[in-house]
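Summary of the model geometry
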Amino acid sequence: MTQTLPATGGPALPQERRLVTEVPGPRSRELAARRAAAVSAAVGSSTPFYAAAAGGGVLVDVDGNSFIDLGSGIAVTTVGNAAPQVVEAVTEQVARFTHTCFMITPYEAYVQVAETLNELTPGEHAKRTALFTSGAEAVENAVKIARAHTGRQAVVVFDHAYHGRTNLTMAMTAKSAPYKSGFGPFAPEVYRAPLSYPFRDGADADGRPVDGPAAARRAIEVIEKQVGAVNLAAVVIEPIQGEGGFIVPAPGFLPALAEWTRANGVVLVADEVQTGFARTGAMFACEHEGVVPDLVTTAKGIAGGLPLSAVTGRAEIMDAPVTGGLGGTYGGSAAACAAAIGALRAVREGDLLQRARRIEEVVGGRLRRLAARDARVGDVRGRGAMMAAELVRPGTREPDAALAAAVAREAAQRGVVVLTCGTYGNVLRFLPPLVIGEELLEEAFDVLDEVFAALPARAGTGGTAGADGAVRAAGGDDQDVD
Ligand SMILES: Cc1ncc(COP(=O)(O)O)c(C=O)c1O
């Protein structure tokens, strides 16, 4: 079934799954050989084919194969790839000037992005924004700002957290291999508290289920006993964990934490790098529980694929560091700011919040039906266009990372890009661009059904599972991306 998105401006790519060679095809194999000789083996890729074009809900490779994209370049191309509003805004900007450095000669687009983020992020209080380049950089700067404001040093993060690959954010990230292993020593004053993980929390010592408020009490006890509120600058949390396994905390967990941080003068940082900008069916995932963080970090979906990130929050906290204490040569680059303005226009014009909610219905429905007939799907969760299936050995909660890797690999062979994630490597995550056509989305899940049917229960894995459960194929195929 061919659908062509009604693109307003840019070139429209046929919205279809089309395989014209084996995967990877000859051009991709050629590039893989060049890559092996030129690119560090420490950089992995999830799919074995090389991109030539992308748009709407498809990725087209250098051999002419067209894949349905359920990854969005890890939750980045929320508005689609080459969204016309982004392409126009960036083209216009780079024709005027590419770079002056906001710290040397400022420009309007930076100010406009800051104004927009101040307006869009949760809370009616006075806010300020500072722009950076990557998600990790935004998280690092949120910690710097919280420390400058509070005069305290400690930072609390959570089990399964992923905050990036710089030195401080490696310390904040939970999973060792491949993100941290061999890269220490890490930054000090980072402490880890237990998360609310409904699928794995079970019951407390008295046999009561660990609901959201109980999980928050458990975390707060660890924080109070092992860190002490008087030492604590910030609690940093992903409102829905990304790399850690698309873990949606039980209702009441986030509000209880927010109440505790407020009562103790601790800065609450919501890391919305993966969840922000309509991805979960709200502009920011915190909104689902009415939580108003002190600082919000954003990146990924903010600028339609150009590198941009931000810290937005209470004016008095954001203004605490000395002038010149925040910044970076490329932070808030003119082209990335123009892209962000275009991407936000695309969210509004495409009614993408509504699209994300519809995607939740479609994908959630398909995954629940799959779970009902296949016991290897232990849990289905997520919000909006951020959905996941956690795979287990049937009848247990024992993670099956090899199956997740096999499903992702087999789906790619059949023309669908699916990513995996999770501390145990056993979660299939679904992050389609919000502009994907519904028939294409349904087709992707038809393929997924076929893949599950084709992979025999308990085996069907193939590949070599690494220590972290990631399956490495030729060319360093590693699903632990971020
Ligand atoms: C929640 C979260 N925080 C931070 C990061 C780091 O972002 P970046 O890769 O742009 O540095 C990621 C990336 O996946 C993320 O999901």
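Basis of the calculations
Residues numbered from 1 in each chain as written. Predicted model: local features only at pLDDT ≥ 70, side-chain atom pairs only at ≥ 80, totals over all residues. Heavy atoms only, no water. Helix = DSSP H or I, 4+ residues; strand = E, 2+ residues; numbered from the N terminus. Rg over C-alpha atoms; globule rule 2.2 N^0.38 Å. Buried < 20%, exposed > 50% of the residue type's maximum accessible area, 1.4 Å probe, protein only. Axes fitted to C-alpha atoms, helices over the stretch in contact; angles between N-to-C directions. Parallel < 35°, antiparallel > 145°, perpendicular 65-115°, else oblique. Left-handed = near helix turned anticlockwise from the far one by under 90°. Contact = heavy atoms within 4.5 Å. Nonpolar A, V, L, I, M, F, W, Y, C, P; charged D, E, K, R; others polar. pLDDT = per-residue confidence, 0-100. Phe/Tyr/Trp six-rings, centres within 6.5 Å; stacked < 30°, edge-to-face > 60°.

Let's shift gears to the overall build of the protein chain. Each helix and strand in the protein chain was counted, giving 14 helices and 17 strands. In summary, the protein chain has a C-alpha radius of gyration of 22 Å against a globular reference of 23 Å for 482 residues, a match within 12%. Taking the principal axes of its C-alpha atoms as reference, the protein chain extends roughly 65 × 60 × 45 Å. Buried positions account for 55% of the 482 residues belonging to the protein chain.

Turning our attention to the packing of helix α13 (residues 401-413) against helix α14 (residues 438-454). Between α13 and α14, the shortest axis-to-axis distance is 10 Å and the interhelical angle comes to 125°. As judged from the angle between their axes, α13 and α14 are oblique. The chirality of how α13 crosses α14 is right-handed. Each of Val407, Glu410 and Ala411 in α13 lies in contact with α14, whose residues at this interface are Leu448, Val451 and Phe452. Taken together, the residues that form the contact of α13 with α14 break down as five nonpolar, no polar and one charged.

Turning to the confidence of the model for the protein chain, a few remarks are in order. Per-residue confidence for the protein chain gives a mean pLDDT of 93, with 93% of residues at or over 70. For residues 5-10, every residue scores under 50 in pLDDT, and the model assigns this stretch eleven contacts once sequence neighbours within four places are set aside.

Where two aromatic rings form a pair, the distance of their centres and the angle of their planes describe that pair. What the rule picks out here adds up to eight aromatic pairs. When the centroid spacing of 5.4 Å and the interplanar angle of 65° are considered together, the rings of Phe277 and Phe284 count as edge-to-face. No difference in accessibility class separates Phe277 from Phe284, as the two residues are buried. In this structure an aromatic cluster arises from ring pairing among Phe97, Phe102, Tyr107 and Tyr110.

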